[in-house]
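What the coordinates show
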Amino acid sequence: MTVTSTPPAATAPAKRKRPISDWWNNLPRVQQWLVLVPLVALIYLLPVLNPPIITTQPGYDFPIAMFEVSRYALVAIGLNIVVGQAGLLDLGYVGFFAVGAYVMALFTSPDSTLHKLPFLVVLPIAMVVTMIFGVILGTPTLRLRGDYLAIVTLGFGEIVRLLADNVDPLRGNRGFQSVGHPPGTNADGSPLFNNSDGTPWYWLCVTLIILVLFLVGNLERSRVGRAWVAIRDDEDAAEIMGLPTYKFKIWAFVSGAAVGGLSGALYAGQLGFVNNQKFDVVTSMLFLAAVILGGAGNKVGVLLGAIVVAYIPLRFQAIAEYKYLIFGLALIILMIFRPQGLLGARQRLLTYGRQAYQRLLGRGEQVSSDGSLASDPTGEKA
């Protein structure tokens, strides 16, 4: 007599918890904005609240520390356009930062012989002048790639600093004092924007960051942004497919330069003093470290990287003198264990990528170092 055994019923796989990133990416964009409103309000209130856990006092004034963090964040967004979006290794980004600062000083400081203009008028002028410098630098050099481009951009940063040291109207070490600031007065008649109170400067910088993030976000979802990502992934393949890579690399340099000039102008206004000692190679390396640590190509990632690079030395001043060693070791460890940075670049090129990912995979856009269409969280192929 043959005995047949009934196979045990297949047990249903346990339902896996969805990561927060999946939940976030599945939300419609309007709902994402609504979720972000309380977070943005909290960010604006940080200098006023001065939370005990994250305060930098008594070693360093907390509102000014928050402005320094926001300034680094703005720089990182601009450098991310060049390095993260277009894949162009720029080691001399501090040169654009310096150009913006000097334009602000030349048009607002009493030490300058040029005609004086209001701070808010000079801001766009600083961006335009820096964009012109981006074209001047990019036109002859962006036919280079890799290490050669890195060396040329490094030289550009040093050229700007040396010009400031040797061209007499730029005043070298003497610099420019009493650089202009935005209008506005306190109740007692003192200027609202001054060197000792970082809160108004922080609010202004955070507002500009939001505007720049909005513009950059729309830009990277456009044809220009898709072209940058194609160049970053494989420039030869992009060129074979008919993409005018040289033109789009110039656009990346110009766009990144504009944000760098804007951040430099804000820095000059808050500090109130500009000379050639503020724009060395080491500062440029810190800017690049913020982008690489956070995750090149990811706007939120580079903001996180900028916060780490700017905030930690101000919060823990006992280790501030070792910050270059610490960040260098952090970069080495990160390259070994997580080469995409703290947050990987978004794998999307579509203007309506959210809807496309929902149809193809049943989930939102992914943030990963690998292609999102290759596999899903369960390991099955899409």
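Just so it is clear, the structure is predicted and the values come from calculations on it, not from any experiment. (Residues numbered from 1 in each chain as written. Predicted model: local features only at pLDDT ≥ 70, side-chain atom pairs only at ≥ 80, totals over all residues. Heavy atoms only, no water.)

Attention shifts here to the side chain of asparagine 80. In this fold, asparagine 80 is placed in helix H3 (residues 62–85). Among residues more than four places away in sequence, those in contact with asparagine 80 are Gln85, Val291, Gly295, Ala296, Gly297, Asn298, Lys299 and Val302. (Helix = DSSP H or I, 4+ residues; strand = E, 2+ residues; numbered from the N terminus. Contact = heavy atoms within 4.5 Å.)

Here we come to the UniProt feature "transmembrane region" (unreviewed entry) in the protein chain. UniProt marks residues 33–51, 72–105, 117–136, 201–219, 250–273, 285–312 and 324–343 with the feature "transmembrane region" (unreviewed entry), using the numbering shown here. For residues 33–51, helix accounts for 89% and strand for 0%, while the C-alpha atoms at its two ends are 25 Å apart. (UniProt positions renumbered as here; feature names shortened; annotations may be inferred.)

Along the chain, glutamine 57 connects to proline 58 via a cis peptide bond; the corresponding omega equals 5°. Note on placement: proline 58 falls in the loop between helix H2 (29–49) and H3. Although it is not a glycine, asparagine 50 sits at a positive phi angle of roughly 50°. If you trace the backbone, asparagine 50 turns up in the loop between H2 and H3. Even without glycine at this site, arginine 171 takes up a positive phi of about 65°. Along the chain, arginine 171 turns up in the loop between helix H6 (146–166) and strand E1 (176–177). Note on arginine 171: relative accessible area 22%, which makes it partly exposed. (Buried < 20%, exposed > 50% of the residue type's maximum accessible area, 1.4 Å probe, protein only.)

Residue placement: leucine 154 occurs in helix H6. The partly exposed category is assigned to leucine 154, whose relative accessible area is 30%. Along the chain, leucine 154 and serine 284 lie 130 residues apart, while their C-alpha atoms are 8.8 Å from each other. Residues within four places of leucine 154 in sequence aside, it is in contact with Leu91, Gly92, Val281 and Met285.

Attention now goes to the nonpolar core. Ranked by internal contacts, the top residues of the largest apolar core, which has 87 residues, are Leu74, Leu88, Met104, Leu266, Val274, Phe279 and Phe287. Take this core: its biggest share by element is 14 residues, from H3. The residues touching leucine 74, leaving out its near neighbours within four places in the chain, are Cys205, Ile209, Val212, Val259, Leu262, Ser263 and Leu266. (Core = buried A, V, L, I, M, F, W, Y, C linked by side-chain atoms within 4.5 Å.)

So, on to the packing of aromatic side chains. Pairs of aromatic rings are described using the distance from one ring centre to the other and the angle between the two planes. Within this structure, the stated rule accounts for 13 aromatic pairs. Their ring planes at 75° and their centres at 5.9 Å tell us that phenylalanine 119 and tryptophan 201 sit as a pair that is edge-to-face. Residue phenylalanine 119 is found in helix H5 (residues 119–141), and its partner tryptophan 201 is found in helix H7 (residues 199–220); the two are separated by 82 residues along the sequence. A relative accessible area of 3% means that phenylalanine 119 is categorised as buried. Following the ring pairs from residue to residue traces out a cluster consisting of Tyr72, Phe97, Tyr102, Phe176, Tyr267, Phe279 and Phe287. The residue whose ring lies beneath arginine 143 is tyrosine 246, and the NZ or CZ to ring-centre distance is 3.9 Å. The ring centre of phenylalanine 248 lies 5.1 Å from the NZ or CZ of lysine 247, which sits over that ring. (Phe/Tyr/Trp six-rings, centres within 6.5 Å; stacked < 30°, edge-to-face > 60°. Lys NZ or Arg CZ within 6 Å of the ring centre and 35° of its normal.)

With 15 residues, helix H4 (residues 94–108) extends 21 Å from end C-alpha to end C-alpha; this agrees with the ideal 21 Å at 1.5 Å per step. When you tally the buried positions in H4, you get 14 out of 15 residues, the bulk of the element. (Expected span 1.5 Å × (residues − 1).)

Following the criterion strictly, the structure yields nine salt bridges and no others. Of the charged contacts in the structure, one is a salt bridge between glutamate 68 and arginine 71, with a shortest N-O distance of 2.5 Å. Taken together, the positions of glutamate 68 and arginine 71, both in helix H3 and three residues apart, correspond to about one turn of that helix. Accessibility assignment for this pair places glutamate 68 and arginine 71 in one class, buried. For arginine 232, the salt bridge is made with aspartate 233, and the minimal N-O distance between the two is 3.5 Å. Exposure remark for aspartate 233: the relative accessible area of 56% places this residue in the exposed category. Here the salt bridges share partners, and the residues they tie into one network are Arg145, Glu235, Asp236, Glu239 and Lys249. (Salt bridge = Lys/Arg side-chain N within 4 Å of Asp/Glu carboxyl O.)

A few words on H5. Its 23 residues place the ends of H5 33 Å apart at the C-alpha level, agreeing with the 33 Å of an ideal helix rising 1.5 Å per residue. Turning to H5, its buried residues are Phe119, Val122, Leu123, Ala126, Thr130, Gly134, Leu137, Gly138 and Thr141. Next to the buried residues of H5 lie H4, H6, H7 and helix H10 (245–271).

Quick look at the packing of H4 against H5 now. At their nearest, the axes of H4 and H5 sit 8 Å apart, and the two run at 140° to each other. With respect to each other, H4 and H5 are oriented oblique. Crossing of H4 over H5 shows right-handed handedness. Here Phe96, Val99, Gly100, Val103, Met104, Phe107 and Thr108 of H4 lie close against H5, whose contacting residues are Phe119, Val122, Leu123, Ile125, Ala126, Val129, Thr130, Phe133, Gly134 and Leu137. Taken together, the residues of the contact of H4 with H5 break down into 13 nonpolar, four polar and no charged. (Axes fitted to C-alpha atoms, helices over the stretch in contact; angles between N-to-C directions. Parallel < 35°, antiparallel > 145°, perpendicular 65-115°, else oblique. Left-handed = near helix turned anticlockwise from the far one by under 90°. Nonpolar A, V, L, I, M, F, W, Y, C, P; charged D, E, K, R; others polar.)

A word on the environment of leucine 286. Take leucine 286: it is sitting in helix H11 (residues 281–294). For the pair leucine 286 and valine 94, spaced 192 residues apart in sequence, the C-alpha separation works out to 9.7 Å.

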